[in-house]
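# Structure at a glance
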Amino acid sequence: MTHIISKEFLAIDEIGRILREGEKIELGAEAKEAIIKCREYLDSKMEDIGRPVYGVTTGFGSLCNITIAQDDLSKLQHNLVKSHACGIGAKLRPEIVRLMLLLKVQSLSYGHSGAQLETIQRLVDMYNNDILPVVYEQGSLGASGDLAPLAHLCLPIIGMGRVLYKGEEREAAELWKELGWEPVTLKSKEGLALLNGTQFMSAHAVWSLLQAERLSRWADRIAAMSIDAYDGRIEAFYPQTHRVRPHKGQVSTAENILNLLEGSEIIRGAKKHVQDPYSFRCIPQVHGATKDTIEYVKGVIEVEINSVTDNPTVFPDEDMIISAGNFHGQPIALPMDMLTLAMSELANISERRIYKLISGQRGLPSFLVAKPGLNSGFMIPQYTAASIVSQSKGLCFPASADSIPSSQGQEDHVSMGANAATKLVRVIENTEKVLAIELMNAAQALQFRRPLHSSPAIEQIFSDFRSVVPFVEDDCYFHPLIEKSIEFIRRA
């Protein structure tokens, strides 16, 4: 199967499918026509433009008032890509780099950027051959786009930089010779088209949203198992309560929990306690608020990945080249900060349920082992979860609240959206770990409820989980069990 790059709306769910199925990508006829039309317009315009055009006939940033000679315009773009590759820090995970390539092709395909067909095709070829540039986490201010990371993404186009190919990191120039590919000679404006964009931020956001939706589903399943393991009550999930406060996520979460616990012997049993702690009773309100945030952020990011985000923007039909600010990351920096907070809260409430399960209440043994004292049992996994949750809370300070002027004050307000993006990924990873620890605790506690059984849905999850993570009789080496639990919710 091949995904055709076109002007049709590209949904995040579709991107998820493309990645899962390993589809190749191809520029559609409409996209090629738009790309060629824009490039030909820009080439013709260069002959009689008669005025400075930012980044096309001038320098960049605060150097925008310096006019560049016609003979040096190609070198100007080459120098731009080369000089802006100032990224540093950890290397991006390959799946996010792959998303950056896809989203950069999509943005350039609309025919408002002036990139050559040859240049965009090289990005397509890199994607299809699983040639992933080495890109670094740090260096972008989130305006003027993701300059440093996109420079690293696009260095291989001009035969520079390093790439990951067949599990090995290689010099792009060396690999190009091996493949018989020539470096592309950039034309006027192309360096800006490649570097002025939000694909570093938006690739992180897309990856995070795909994971967030998965983890949101797992949070409900694991919470349902914890409810039965803790001998919780079901009334807080009845629809009557949620009809009178009908937030969409709250309503759907309550329905999920009711469906997951349908047929449970434990939930139907007589209860001595009148109500449950908030971490159980308020699952619809807390998990639901995260669901609503995911839905909102998804809508914003889908607008972004279907947009032109470089500068200047070229409009052949209107005979206009406009220098503006579509590269500014503020529209997605704020939502990414929101999603960071929402996902941190999934872990926050999960850790509280972990704590209740090991607390020796409601007929459960202290620390979920038959012989506490001799055994520490599940004492320290809760410490681990608490440590992770604390770290995520620290990462929730909004990156978008900050701005540091750059380029001698010409770029005097920036989004810091790239920092929002990398923090979001870290919190997503942390939330996955905490939920995996809760699942391990919930399964352990549920086993102490025997001979009573939970619902068919929860018992199926329990059975599948027990095939990879055993019941803990006595103290053991916990790290491998936590890793297996993480892998379970990542793959199941």
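Since the structure is predicted, the reported quantities are computational estimates derived from the model, not experimental observations.

Throughout the structure, instances matching the rule amount to 31 salt bridges. One salt bridge in this structure joins glutamate 429 and arginine 93, with 1.9 Å as the shortest N-O distance. Of this pair, glutamate 429 sits in helix α17 (residues 417–447) while arginine 93 sits in the loop between β3 (88–91) and α4 (94–108), placing them 336 residues apart in sequence. Residue class for glutamate 429 comes out partly exposed when judged on its relative accessible area of 22%. Given the relative accessible area of 26%, arginine 93 is considered partly exposed. In this structure, arginine 491 and glutamate 487 form a salt bridge, with 2.7 Å as the shortest nitrogen-oxygen distance. Within this pair, arginine 491 and its partner glutamate 487 are both found in helix α19 (residues 478–491), separated by four residues, close to a single helical turn. By relative accessible area, which is 63% here, arginine 491 ends up exposed. Bridged by salt links that share partners, the residues Arg214, Glu432, Glu487, Arg490 and Arg491 form one connected network.

On to the packing of α4 against helix α6 (residues 147–154). Two elements in contact, α4 and α6, have axes whose closest approach is 11 Å; the angle formed by their N-to-C orientations is 90°. Here α4 is positioned roughly perpendicular relative to α6, judged by the angle of their axes. Where α4 approaches α6, its residues Val97, Met100, Leu101 and Lys104 are matched on the opposing element by Pro149, Leu150 and Leu153.

This paragraph deals with the sheet that holds strand β7 (residues 168–171). The three strands are arranged β4-β6-β7 in an open sheet whose pairing can be described as antiparallel. Looking at the sheet topology across the chains shown, the edges are occupied by β4 (132–133) and β7.

A word on the side chain of threonine 293. Mapping threonine 293 onto the fold places it in helix α14 (residues 283–305). Beyond its immediate stretch of four places on either side in the chain, threonine 293 contacts Met338, Leu339 and Ala342.

Moving on, we come to helix α5 (residues 117–128). Taking 1.5 Å as the rise per residue, α5 with 12 residues should run 16 Å; its terminal C-alpha atoms sit 16 Å apart, in good agreement. Turning to α5, its buried residues are Thr119, Ile120, Arg122, Leu123, Val124, Met126, Tyr127 and Asn128. Looking at the residues trailing α5, positive phi occurs at aspartate 130, about 55°.

With respect to the helices, strands and loops of the structure, aspartate 228 is situated in helix α9 (residues 199–229). Between the C-alpha atoms of aspartate 228 and alanine 445, which are 217 residues apart in sequence, the distance is 8.9 Å. When near neighbours in sequence (up to four residues on either side) are disregarded, aspartate 228 contacts Leu261, Ser264, Ile266, Ile267, Leu446, Arg449, Ser454 and Ser455.

A word on helix α7 (residues 172–179). Of all the positions in α7, only Ala172, Leu175 and Trp176 are classed as buried. All buried residues of α7 project into a common sector of 105° when viewed along the axis, lining one side. With respect to the buried face of α7, the exposed residues turned more than 90 degrees away are Lys177 and Glu178. On its buried side, α7 packs onto α5, β6 (162–165) and β7. One or two positions beyond α7, positive phi appears at glycine 180, with a value near 80°.

With their axes 10 Å apart at the nearest point, α9 and helix α18 (residues 456–466) run at an angle of 100° to one another. Considering the angle they form, α9 stands roughly perpendicular to α18. In contact with Trp218, Arg221, Ala224 and Met225 of α9, α18 contributes Ile458, Ile461 and Phe462. Tallied by class, residues from the contact of α9 with α18 come to six nonpolar, no polar and one charged.

This part is about empty space enclosed by the protein. Under the counting rule described, the total for this entry stands at one cavity of 30 Å³ or more. One number sums up the size of the largest cavity: a volume of about 50 Å³. Contributing to the lining of the largest cavity are Leu103, Ser107, Thr198, Gln199, Ser202, Glu304, Ile305, Ser307 and Thr309. Listed by contribution, the elements that provide at least two residues to the lining of the largest cavity are α4, α9 and α14. Grouping the constituent residues of the lining of the largest cavity by class yields two nonpolar, six polar and one charged.

Here the focus is unusual backbone geometry. Residue proline 312 is reached from asparagine 311 by a cis peptide bond, and omega for that bond is -10°. Here proline 312 lies in the loop between α14 and β8 (313–315). Each neighbour pair has its own omega, and for arginine 450 with proline 451 the value is 15°, a cis peptide bond. Backbone geometry at aspartate 231 places phi at a positive 60°, although glycine is not the residue there. Tracing the backbone shows aspartate 231 in the loop between α9 and α10 (239–243).

Moving on to the packing of aromatic side chains. Between two aromatic rings, the relevant description is the distance of the centres plus the angle of the planes. By the definition in use, this model includes six aromatic pairs. Ring centres 5.3 Å apart and planes at 75° place the aromatic pair phenylalanine 465 and phenylalanine 488 in the edge-to-face group. Of the two residues, phenylalanine 465 is situated in helix α18 and phenylalanine 488 in helix α19; the sequence distance between them amounts to 23 residues. Grouping residues by exposure puts phenylalanine 465 and phenylalanine 488 together as buried. Counting every residue linked through ring pairs, the aromatic cluster contains Trp218, Phe465 and Phe488. Positioned above the aromatic ring of tryptophan 218 is the side chain of arginine 221, whose terminal nitrogen or guanidinium carbon lies 4.7 Å from the ring centre. The ring of phenylalanine 462 has arginine 450 lying over it, and the distance from NZ or CZ to the ring centre is 5.0 Å.

How each quantity is defined
- Residues numbered from 1 in each chain as written.
- Predicted model: local features only at pLDDT ≥ 70, side-chain atom pairs only at ≥ 80, totals over all residues.
- Heavy atoms only, no water.
- Salt bridge = Lys/Arg side-chain N within 4 Å of Asp/Glu carboxyl O.
- Helix = DSSP H or I, 4+ residues; strand = E, 2+ residues; numbered from the N terminus.
- Buried < 20%, exposed > 50% of the residue type's maximum accessible area, 1.4 Å probe, protein only.
- Axes fitted to C-alpha atoms, helices over the stretch in contact; angles between N-to-C directions.
- Parallel < 35°, antiparallel > 145°, perpendicular 65-115°, else oblique.
- Contact = heavy atoms within 4.5 Å.
- Pairing = 2+ DSSP bridges.
- Expected span 1.5 Å × (residues − 1).
- Arc of directions from axis to C-beta.
- Nonpolar A, V, L, I, M, F, W, Y, C, P; charged D, E, K, R; others polar.
- 1 Å grid on protein atoms, 1.4 Å probe; cavity = no way out; pocket = protein on both sides within 12 Å on 5 of 7 lines; lining within 4 Å.
- Points joined across faces, edges and corners; volume = space filled by probe spheres on them.
- Phe/Tyr/Trp six-rings, centres within 6.5 Å; stacked < 30°, edge-to-face > 60°.
- Lys NZ or Arg CZ within 6 Å of the ring centre and 35° of its normal.

This is a description of form; function is not addressed.
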